[in-house]
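Here is what each chain is made of, one letter per residue.
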Amino acid sequence: MDKGTHYEVKDMKLAQQGMLNLEIAESRMGALMKIKQRFAKEKPLKGIKVGMALHVTKETGILVRTLIAGGAEVAITGCNPLSTQDDVAAALAKEGIKVWAYKGETKEDYYRYLKNIIAFRPHITIDDGCDLVSEIHKNHPELIKSIIGGCEETTTGVVRLQAMHKDGALKYPMIAVNNNKTKHLLDNYYGTGQSTLDGILRATNILFAGKNVVVCGYGSCGKGVAQKARGMGSHVIVTEVNAFAGLQAAMDGFSVMPIAQASKVGDVFITVTGNKNVIDIVHLKNMKDGAVLANSGHFDAEINLAALKKVAKSRQVRPSLEEYTLNGKKLYVCGEGRLVNLAAAEGHPSEVMSTSFCGQALACEFVVKNKGKLQPEVIELPAHIDDAIAKLQLDAMDIRIDDLTAEQKKYMESWEEGT
Ligand SMILES: NC(=O)c1ccc[n+]([C@@H]2O[C@H](COP(=O)([O-])OP(=O)(O)OC[C@H]3O[C@@H](n4cnc5c(N)ncnc54)[C@H](O)[C@@H]3O)[C@@H](O)[C@H]2O)c1
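Residues numbered from 1 in each chain as written. Predicted model: local features only at pLDDT ≥ 70, side-chain atom pairs only at ≥ 80, totals over all residues. Heavy atoms only, no water.

Caption draft 1: Spatial organisation of the packing of helix α5 (residues 107–119) against helix α6 (residues 131–139). Between α5 and α6, whose axes approach to 10 Å, the crossing angle comes to 75°. Taken together, the axis directions place α5 and α6 in an arrangement best described as roughly perpendicular. Contacts between α5 and α6 pair Tyr110, Tyr111, Leu114, Lys115, Ile117 and Ile118 from the former with Asp131, Leu132, Glu135 and Ile136 from the latter. (Axes fitted to C-alpha atoms, helices over the stretch in contact; angles between N-to-C directions. Helix = DSSP H or I, 4+ residues; strand = E, 2+ residues; numbered from the N terminus. Parallel < 35°, antiparallel > 145°, perpendicular 65-115°, else oblique. Contact = heavy atoms within 4.5 Å.)

Have a look at this one:
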C-alpha cells in the first residue's frame, strides 16, 4: 500500500497507466467536458469542498477534474470494496487530489476512508449508495450545519434516503441525480445492460447464446440486462414481485415466472432488484450443475451467499469467479456477489458515465445556487437541467434535432383547433 499525506492507494507506480486511462475516458465524455469548460470560466463551485464516496474509476476521475475546474476542492473514496481502479486512484493522488481507495478494501479500511472524507468537512457530499450520508447522520451530526446539500447516484441510495426522510432522519437536502431521465436511460438501462454481461463474460467467458438467462428484477437495470442477453441469443426469463413490471416483461416477449420455478431451469442468474435474498438458499439448492450467478444490484445482499457458504465448499477458480460445491453440484459466483460490472469489469463505458456525471456536476451547481433555499428532503433536478444534459450528449454525438416552428408551438399551446 502506498500512503502519503493526502492519499492511500495500492501502488503509485500505476499512476502513468491511470493517466492514460483518464485521457481515453476524457475523449469519450464530450458532454461532461463541455460542462468542465464552462465551469473553468464561471467557477460556480469556488470555495466549496466536495466529499465523494463514488466508484473510483477513470470516469469518476473526469468528474473530479470537472468539479476542480469549477473551483471546488475535492476528496474522494470508493463506495464499494471491489470497484476501485487502482491505476486511476494512483493517477488522482499524483495530481494532488485527496484520494483513499484500493480494490479489495477491507470493511475496516472502507469505513476508515469514509471517516477521512468526513474529516475533510465537505460542504457537498456525493454518494453512490448513501453510505457517506448515512455515516454522517449516524456518527457525525456535528458536520451537518456546514453541509449545504448532497447528491445521490443510484436507486438503492435514493431508496435509503427516502426511508431516512420518512423517519424524519434526513437533515440536509439531497439531490436524487439517479432520477434524472438521462441518467436512468444511459446508465441504468444501456450501461448496466451492457456492462453486467461484460462482467460475467470477463469472469467466466461463457457463451450467452442458447442459455437460459434468469433476470431477477425488471426495473430500469433489469430491462437493459434482459434486452442485451436476448441480443446475444439467450432465452431470457424474468422474475418480478411487481405486477406492472411483470406484465411489461411478458409484453416485451420474455418468459415470466417465480424464482422457485426459474431456479430449476436457469443456466445464468442475474439479480438487479436492490432487494435482499432474492436468490435464497432454497433456490440455490434447486439449481442445475454449472449454473452461473451474478449480481448487478447495489449491495451484495441479493444472493444469499452467507447461507451458501455454510453448506457448500468453495474455491477461487479464476479471477472474479468462485466455485461452490453443493450436494455434488457446482455453482459459479461472479465477483463475490458484488456489482459484477464493477467487480469483474470496468463499470459503465465512459459515454454512459458522461451523462450521469453531467447530472452530478450540475446538481452541485444547483445546490450552491440554491444554498439555504432547499429543504432537507429528496429533491429531483428541474426538467430543464435534464433536457440540457440530453442536448449536451446529442451534441457530443454530433446529432441535431428539429426545433418547433412558431406555427407548431402555437398549435401545441392552443385548444381551439380540432377536427
Ligand atoms: N450495476 C450498476 O452499475 C448499477 C447501475 C444503476 C443501478 N444499480 C442498482 O441496481 C438495482 C436496481 O436498480 P433499478 O434502477 O433497476 O431499480 P428499479 O426500482 O427500477 O427496479 C428494481 C425492480 O426489482 C423488482 N424487485 C424487487 N424485489 C424483487 C424480488 N424479490 N424479486 C424480483 N424482483 C424484485 C422491483 O419490483 C423493481 O421492478 C439498485 O440496487 C440500483 O442501485 C446498479
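Caption draft 2: A look at the nonpolar core. Grouped together as the largest cluster of nonpolar side chains are 55 residues, with contacts concentrated most on Val50, Met52, Leu67, Val99, Ile124, Ile126 and Ile175. Among the elements that line this core, the one with the most residues is helix α15 (residues 350–369), at 10 residues. Setting aside its immediate chain neighbours within four residues, isoleucine 126 contacts Val50, Gly51, Met52, Ala53, Leu54, Leu67, Leu132, Cys151, Gln360 and Cys364. (Core = buried A, V, L, I, M, F, W, Y, C linked by side-chain atoms within 4.5 Å. Buried < 20%, exposed > 50% of the residue type's maximum accessible area, 1.4 Å probe, protein only.)

Caption draft 3: Structural context of the pattern of salt bridges. Taken as a whole and judged by the stated rule, the model has 23 salt bridges. A salt bridge links arginine 65 to glutamate 26, with the nearest nitrogen and oxygen atoms 3.1 Å apart. Pair noted here: arginine 65 is in helix α3 (residues 58–69) and glutamate 26 is in helix α1 (residues 15–27), with a separation of 39 residues, a long-range link. A salt bridge links arginine 400 to aspartate 395, with the nearest nitrogen and oxygen atoms 3.7 Å apart. Arginine 400 gets classed as exposed once you look at its relative accessible area, which sits at 58%. (Salt bridge = Lys/Arg side-chain N within 4 Å of Asp/Glu carboxyl O.)

Caption draft 4: Structural view of the pairing of strand β16 (residues 329–334). Across two bridges, the pairing between strand β13 (residues 292–295) and β16 is parallel. Bridge assignment links valine 292 to a residue of β16, and that residue is tyrosine 332. Summarising the sheet, strand β15 (residues 321–326) and β16 pair through six bridges and their orientation is antiparallel. The residue of β16 that forms the bridge with leucine 321 is cysteine 334. The antiparallel hairpin formed by β15 and β16 contains two residues in its connecting segment, where asparagine 327 sits at a positive phi of about 50°. (Pairing = 2+ DSSP bridges.)

Caption draft 5: Just the sheet that holds strand β4 (residues 73–77), in detail. Strand order in the open sheet formed by nine strands is β1-β2-β5-β4-β3-β6-β7-β8-β17, and the pairing between neighbours is mixed. Every other strand in the sheet has two partners, leaving β1 (2–3) and β17 (378–379) as the edge strands with one partner each. In this fold α15 packs onto β6 (124–127), β7 (149–152) and β8 (174–176), with an angle of close to 155° to the strand it touches most, β6.

Caption draft 6: Examining the sheet that holds β16 more closely. Read from one edge of the open sheet, eight strands run β11-β10-β9-β12-β13-β16-β15-β14, paired in mixed fashion. The sheet terminates laterally at β11 (255–256) and β14 (313–318), the two strands that pair on one side only.

Caption draft 7: Focus on a nonpolar patch on the surface. Where nonpolar side chains cluster on the molecular surface, the patch consists of Phe244, Leu247 and Met251 and spans about 380 Å² of accessible area. Judged by relative accessible area, which is 66%, methionine 251 ranks as exposed. (Patch = residues over 30% accessible without salt bridge, like charges linked within 9 Å, V, L, I, M, F, W, Y side chains within 5 Å. Areas by Shrake-Rupley, 256 points an atom, 1.4 Å probe, with all protein chains shown as cover.)

Caption draft 8: Quick look at the packing of aromatic side chains. Applying the stated criterion to the full structure yields four aromatic pairs. Where tyrosine 189 meets tyrosine 190, the ring centres are 4.7 Å apart and the plane angle is 70°; that geometry is what we call edge-to-face. Residue classification places tyrosine 190 among the partly exposed positions, given a relative accessible area of 39%. Measuring from centroid to centroid gives 5.9 Å for tyrosine 218 and phenylalanine 254, while their planes differ by 65°, and the two rings are edge-to-face. One end of the pair, tyrosine 218, is in the loop between β9 (212–216) and α9 (220–231); the other, phenylalanine 254, is in the loop between α10 (243–251) and β11, with 36 residues separating them in the sequence. This pair shows no difference in class: tyrosine 218 is buried, exactly as phenylalanine 254 is. Of note, lysine 49 hangs over the ring of phenylalanine 120, and the distance from its end group to the ring centre comes to 5.1 Å. (Phe/Tyr/Trp six-rings, centres within 6.5 Å; stacked < 30°, edge-to-face > 60°. Lys NZ or Arg CZ within 6 Å of the ring centre and 35° of its normal.)

Caption draft 9: Summary view of the site of the ligand. The local shell around the ligand holds 28 residues, among which Thr154, Thr155, Thr156, Glu240 and Asn341 are the closest. Take threonine 156: an N or O atom from its side chain is 2.5 Å from an oxygen atom of the ligand. If you list the elements that add at least two residues to the shell around the ligand, you get α7 (155–166), α8 (181–204) and α9. Examining the composition of the shell around the ligand, we find that five residues originate from one element, α8, more than from any other. (Near = heavy atom within 4 Å. Polar contact = N/O pair within 3.5 Å; in protein donor to acceptor, adjacent residues only side chain to side chain.)

Caption draft 10: Expanded view of α9. Here α9 contains 12 residues, and its C-alpha end-to-end distance of 17 Å stays within 8% of the 16 Å for a straight helix at 1.5 Å per residue. For α9, the full list of buried residues reads Cys221, Gly222, Gly224, Val225, Ala226 and Ala229. Summarising the contacts, the buried residues of α9 are in contact with α8, β9, β10 (235–239) and β12 (268–271). Positive backbone phi, approximately 90°, marks glycine 233, located one or two places after α9. (Expected span 1.5 Å × (residues − 1).)

Caption draft 11: Representation of the environment of glycine 246. Inspection of the secondary structure assignment puts glycine 246 in helix α10. For the pair glycine 246 and leucine 186, spaced 60 residues apart in the sequence, the C-alpha separation amounts to 22 Å. If we skip the residues at most four places from it in the chain, glycine 246 touches Glu240 and Val256.

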